[in-house]
Amino acid sequence: MARRKKIYEGKAKTLYEGPEPGTIVQYFKDDATAFNAEKKDVIEGKGVLNNLLSEYFMVGLGQVGVPTHFLKRLNMREQLVRSCEIVPLEVIVRNYAAGTMSKRLGIAEGTQLPRPIVEYCYKDDSLGDPLVTEEHIAAFGWASQQDMDDILSLALRVNDFLSGIMYGVGIKLIDFKIEIGRIYDGDFQRLVVADEISPDSCRLWDIKTEQKLDKDVFRRDLGSLTDAYSEVARRLGLMPNNPASITKPTLIN
Ligand code: C5P
């Protein structure tokens, strides 16, 4: 059997050359990392859940007119996406203080922000993805002013969409990170939401109990990560409600 070409291996995903030019296969691994890969583990089933959840969010975004790189899910762990050039920024949107914002500014986790706040980090693992301003982005040419206007608008549209979907299933969207890709159509470029959207890249709290249903469960040793991600998938209707009722095959006489 012909071996496909690996393009890139990241912390949570491996990218392979797709079946047609301009396509890529994203394979979701079970590897979990935190604190710039200082903490590592393999969480059985995480890749399958993230593949499913990311498909759900990307398809939904497409349906409300937000362009993404997603084409289709291929199987349990893989999805076909359009190949794009990734803008070297992590775009973070925050609705409530948490994580590094709480640490940096001394704001209690869970404090509602007066409005969504968008932050940019320069994508460089060796530097620990440092927070940067639009001045850095413009001066170093990571994105143009037009790109930044489009990126801000994409980020806020994703925020509205995700917040609404989550609110509908009793979950508060605290914050999330997206990546942006450039796709070239002839002389023109379009910016699309790329990479993945999953509980690996969002903070999701149960509205009533404030139970964490995201990667903080792994970062902070709060219990089973697959249980948390399965709960998100279950609430969104992506899992059988009662898997325990699935029985073994029985012999038909
Ligand atoms: O760590 P911090 O509070 O800055 O993270 C903000 C949001 O961005 C969180 O939802 C986190 O999961 C996500 N994030 C990410 N990848 C990174 C950094 C942050 O998905 N490298």
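Residues numbered from 1 in each chain as written. Predicted model: local features only at pLDDT ≥ 70, side-chain atom pairs only at ≥ 80, totals over all residues. Heavy atoms only, no water.

Quick notes on the nonpolar core
Formed by 47 residues in total, the largest nonpolar core has its most connected members in V158, I178 and I197. Take this core: its biggest share by element is 8 residues, from helix 4 (residues 145–168). (Core = buried A, V, L, I, M, F, W, Y, C linked by side-chain atoms within 4.5 Å. Buried < 20%, exposed > 50% of the residue type's maximum accessible area, 1.4 Å probe, protein only. Helix = DSSP H or I, 4+ residues; strand = E, 2+ residues; numbered from the N terminus.)

Some words on the side chain of H69
Following the sequence through the fold, H69 ends up in the loop between helix 1 (46–63) and strand 6 (70–73). With a relative accessible area of 3%, H69 lands in the buried category. From its side chain, H69 meets the backbone oxygen of D195 in a polar contact 3.1 Å long. Sequence-distant contacts of H69, defined by excluding residues within four places in its chain, comprise Q26, M58, V81, R82, C84, V192, V193, A194 and D195. (Polar contact = N/O pair within 3.5 Å; in protein donor to acceptor, adjacent residues only side chain to side chain. Contact = heavy atoms within 4.5 Å.)

Examining the site of the ligand
Contacts to the ligand come from 15 residues, most closely from E90, R94, T100, D175 and R203. Note that an oxygen atom of the ligand is positioned 2.9 Å from one of the side-chain N or O atoms of R219. Summarising the interface, the protein chains cover 81% of the accessible area of the ligand, which totals 450 Å² for the free molecule. Along the lines of polarity and charge, the residues of the shell around the ligand split into 4 nonpolar, 3 polar and 8 charged. (Near = heavy atom within 4 Å. Areas by Shrake-Rupley, 256 points an atom, 1.4 Å probe, with all protein chains shown as cover. Nonpolar A, V, L, I, M, F, W, Y, C, P; charged D, E, K, R; others polar.)

Re the environment of L238
Position of L238 relative to the elements: it lies in the segment after helix 6 (225–235). With a relative accessible area of 25%, L238 lands in the partly exposed category. Separated by 182 residues in the primary sequence, L238 and Y56 place their C-alpha atoms 8.5 Å from one another. Beyond its immediate stretch of four places on either side in the chain, L238 contacts L52, L53, Y56 and A233.

A few points about helix 4
Its 24 residues give helix 4 an end-to-end C-alpha distance of 35 Å, which sits within 8% of 34 Å, the value for a rise of 1.5 Å per residue. Within the sequence span of helix 4, burial applies to D147, M148, I151, L154, A155, V158, N159, F161, L162 and M166. Remark: G170 follows helix 4 within two positions and exhibits a positive phi of approximately 75 degrees. (Expected span 1.5 Å × (residues − 1).)

Some remarks on the side chain of T23
Here T23 lies in strand 3 (residues 23–28). The contact partners of T23, leaving out residues within four places of it in the chain, are E17, G18, L71, L80, V81 and S83.

Quick word on helix 1
Over its 18 residues, helix 1 extends 26 Å from the first C-alpha to the last, a length consistent with the 26 Å expected when each residue adds 1.5 Å. The buried fraction of helix 1 amounts to 13 of the 18 residues, a majority that puts the element mostly inside the structure. Downstream of helix 1 by one or two residues, G65 has phi in the positive range, about 90 degrees.

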